[in-house]
Amino acid sequence: MSAESGPQRADDLARALALVDEATIVADASSLILAPSENPGGTEARAARALAAIASRLGGRVAMEDAAPDRPNVSVRFGPDEDAAGGAGLLVLGHSDVVPAGPGWTQDPFAPTVVDGRLVGRGSTDMKGGLAAALQALAAVHRVRPDLPLELLVTADEEDLAIGMAAHLRHPPRPYRACIVAEPTDLATVVACRGASNHEIVVHGRAAHAGRPEDGASAIVGAAAVVDAIQADHAALRAGASGLLGSASWSVGRIDGGHATSIVPDRCALLVDRRLMPGEDAQTVLQALLDGVRPRVEALGCTIEGRTLMAMPGFVTDATHPLVATAVDALAAEGRASAVEAWTAACEGGFVAEHHGCPTIILGPGDITGQAHQPDEHVAIADLGIAARAYVRLALALAG
């Protein structure tokens, strides 16, 4: 670093940080919450338009691409598309959909309010607060360093089948310097994340009168054998847990089968969650389960089939990578200790790490386990400001 570059960088940082305004972040996050985007539901278009309006006001170049009708991805770029060395700069990743509001709220979930220093509303934590903080941060950096390529990518359908990310992956990879996923980590620096996969497993039996059940083959009994196999494999995986990510896991989320109590059921369907370790292939995992349990199912007079509905890869970034230390230092400069840890949830960062080949971390305001996906979802306004300023520090440090 030259004698002139140090003071200049410090001046750039001070000017960019001065442009971060918590009240504006809250107002922008509130605008996004006011545009409901519950998923399942396919309603991201309104939230995407609200996001585009905010980004345009802040000087970003907005591009929208439908992953499905009225379900657009939104890309917001500041500065050139590439830097002088041909790099694509910093990518911040988020999503525009939220889980359904559900019961139990003490207020309208889509009428954001500020209570005791917290912004309350569906999506405040996961993750419209993080989007507003990221937009303000990138705009602030752009004001002082217009030469830096910066991008916010906001996908549709992250909470369900990831069709937005699938559309993004059809584009050629770009040489991003790093990716920050702005999901809620309670401002911890997350360097490892398991993947996730959803599967449908269907057991076919043979209908008969319940007065003579031996004339049929109960698909529900066959499905019970599948559940037993899933639970046994889950226990084996947990027994071998190690490292930051622990182990893969299984969870049976839904069972549908049968017609009436007097009919032996001829069909039973399971919806199953399988968390993936980095490098695991969802379809291979499913096929191994099916092959292992098929003899038991067929011995009951049933057949079994399955299909993968969604697969999201995990990722691991080496904890010694400079990106990690830079993130921890950025939070420390804001008076917030940032633990380096793994995440129990899943996110689309694994897709980016795999497709673009860039180091990836998850870092954002709000608590994924204590605040997201539940009634009266909220995020501390102070944490929105800390996150935005940390993103400013990260963007400028990575540029240096």
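The text that follows walks through the structure, step by step, so that each part is easy to find.

Rules used throughout
Residues numbered from 1 in each chain as written. Predicted model: local features only at pLDDT ≥ 70, side-chain atom pairs only at ≥ 80, totals over all residues. Heavy atoms only, no water. Helix = DSSP H or I, 4+ residues; strand = E, 2+ residues; numbered from the N terminus. Rg over C-alpha atoms; globule rule 2.2 N^0.38 Å. Buried < 20%, exposed > 50% of the residue type's maximum accessible area, 1.4 Å probe, protein only. Contact = heavy atoms within 4.5 Å. Axes fitted to C-alpha atoms, helices over the stretch in contact; angles between N-to-C directions. Parallel < 35°, antiparallel > 145°, perpendicular 65-115°, else oblique. Left-handed = near helix turned anticlockwise from the far one by under 90°. Expected span 1.5 Å × (residues − 1). Pairing = 2+ DSSP bridges. Salt bridge = Lys/Arg side-chain N within 4 Å of Asp/Glu carboxyl O. Arc of directions from axis to C-beta. Disulfide = S-S within 2.5 Å.

1. Describing the overall build of the protein
Point 1. Per the secondary structure count, the protein includes ten helices and 16 strands.
Point 2. Taking 21 Å as the expected radius of gyration for a compact globule of 400 residues, we find that the protein reaches 24 Å, a close match to that expectation.
Point 3. Overall size of the protein, expressed as C-alpha extent along the three principal axes, is 85 × 45 × 35 Å.
Point 4. Burial analysis of the protein (400 residues in total) assigns 52% to the buried set.
Point 5. A separation threshold of at least 6 residues defines the contact pool for the protein, and within that pool the share at least 24 residues apart is 79%.

2. Focus: the environment of Ala207
Point 1. Looking at the secondary structure, you find Ala207 in the loop between strand S9 (195-204) and helix H6 (219-239).
Point 2. As a C-alpha pair, Ala207 and Val264 span 57 residues in sequence and 4.9 Å in three-dimensional space.
Point 3. Ignoring any residue separated from it by four or fewer positions in sequence, one finds Ala207 in contact with Gly216, Ile263, Val264 and Asp266.

3. Looking at the packing of helix H8 (residues 322-333) against helix H10 (residues 381-399)
The description of two packed helices rests on the angle between their axes and on the distance between the axes.
Point 1. Remark: H8 packs on H10, axes separated minimally by 9 Å, with the N-to-C direction vectors making an angle of 135 degrees. Compared by their axis directions, H8 and H10 come out oblique. Considering how the two elements wind past one another, H8 and H10 form a crossing that is right-handed. Taking contact as the criterion, the partners of Leu323, Thr326, Ala327, Ala330, Leu331 and Ala333 in H8 are, on H10, Ile386, Ala390, Arg393, Leu394, Ala397 and Leu398.

4. As for helix H3 (residues 44-57)
Point 1. Between the first and last C-alpha of H3 there are 20 Å, a value that for 14 residues agrees with the 20 Å anticipated at 1.5 Å per step.
Point 2. By the burial criterion, the buried members of H3 are Glu44, Ala45, Ala47, Ala48, Ala50, Leu51, Ala52, Ile54 and Ala55.
Point 3. On its buried side, H3 packs onto helix H2 (22-33), strand S1 (61-68), strand S2 (71-78), helix H4 (124-144) and strand S6 (150-155).
Point 4. Gly59 sits one or two residues past H3 and shows a positive phi near 95 degrees.

5. Let's talk about the pairing of strand S3 (residues 89-95)
Point 1. Of all seven residues making up S3, seven are buried, and the element is well covered by its neighbours.
Point 2. Sheet topology places S3 next to strand S7 (residues 176-181); five bridges connect them, and they run parallel. Bridge pairing links Gly89 to Tyr176 in S7.
Point 3. The sheet contact formed by S3 and S6 spans six bridges and is parallel. Opposite Gly94, over in S6, you have Val154 as the bridge partner.

6. Some details on the sheet that holds strand S5 (residues 118-120)
Point 1. One open sheet holds the three strands; their spatial order is S4-S5-S16, and the pairing between them is antiparallel. Taken across any chain shown, the strands that pair with only one partner, and hence form the sheet edges, are strand S4 (113-115) and strand S16 (378-380). Within this sheet the neighbouring strands show an average axis-to-axis angle of 30 degrees, counted without direction.
Point 2. Sheet analysis places S5 next to S16, joined by three bridges and oriented antiparallel.

7. A look at the pattern of salt bridges
Pairing of side chains with opposite charge becomes possible as their charged atoms draw close.
Point 1. Within the structure shown, the criterion is met by 24 salt bridges.
Point 2. The closest approach of N and O atoms between Arg307 and Glu200, which form a salt bridge, is 2.8 Å. Of the two residues, Arg307 sits in strand S12 (residues 303-312) while Glu200 sits in strand S9, which places them 107 residues apart along the sequence.
Point 3. Look at Glu200 and you get buried, because its relative accessible area is 18%.
Point 4. Each member of the salt-bridge network shares a partner with another, and the members are Arg61, Arg77, Asp81, Glu151 and Arg174.

8. Brief notes about H8
Since there are 3.6 residues in each turn of an α-helix, residues three or four apart along the chain are aligned in direction.
Point 1. Between its terminal C-alpha atoms H8 stretches 16 Å, which fits the 16 Å expected from twelve residues at 1.5 Å a residue.
Point 2. Of the residues making up H8, those classed as buried are Leu323, Val324, Thr326, Ala327, Ala330 and Leu331. Taken around the axis of H8, the buried residues stretch over an arc of 165 degrees, which confines them to a single face. With respect to the buried face of H8, the exposed residues turned more than 90 degrees away are Pro322 and Asp329.
Point 3. Looking at the packing, one finds that the buried side of H8 touches S7, strand S8 (189-193), strand S14 (340-343), strand S15 (360-362) and H10.
Point 4. Directly beyond the C-terminal end of H8, a positive phi value near 80 degrees is found at Gly335.

9. Here we look at unusual backbone geometry
Point 1. The omega angle of the peptide bond from Asn39 to Pro40 is 10 degrees, so this bond is cis rather than trans.
Point 2. With respect to the helices and strands, Pro40 occurs in the loop between H2 and H3.
Point 3. Following Asp126, the chain continues to Met127 via a peptide bond in cis, the omega torsion being -10 degrees.
Point 4. Tracing the sequence through the fold places Met127 in helix H4.

10. Regarding the sheet that holds S12
Point 1. The strand order S10-S11-S9-S12 describes an open sheet built from four strands, whose pairing is antiparallel. The outermost strands of the open sheet, each flanked by one partner alone, are strand S10 (249-257) and S12. Adjacent strand axes in the sheet meet at a mean angle of 20 degrees when their direction is disregarded.

11. Some words on the state of the cysteines
Simply put, the disulfide is a covalent bond whose two ends are the sulfur atoms of two cysteines.
Point 1. Applying the stated criterion across every chain yields a total of zero disulfides.
Point 2. Cys347 supplies the cysteine sulfur nearest to Cys193, a cysteine that is in no disulfide, at a spacing of 4.2 Å.
Point 3. Cys358 takes part in no disulfide bond, and the closest cysteine sulfur, belonging to Cys179, lies 5.3 Å away.
Point 4. You can call Cys358 buried: its relative accessible area is 5%.

Note that all results are geometric; they support no functional claim without further evidence.
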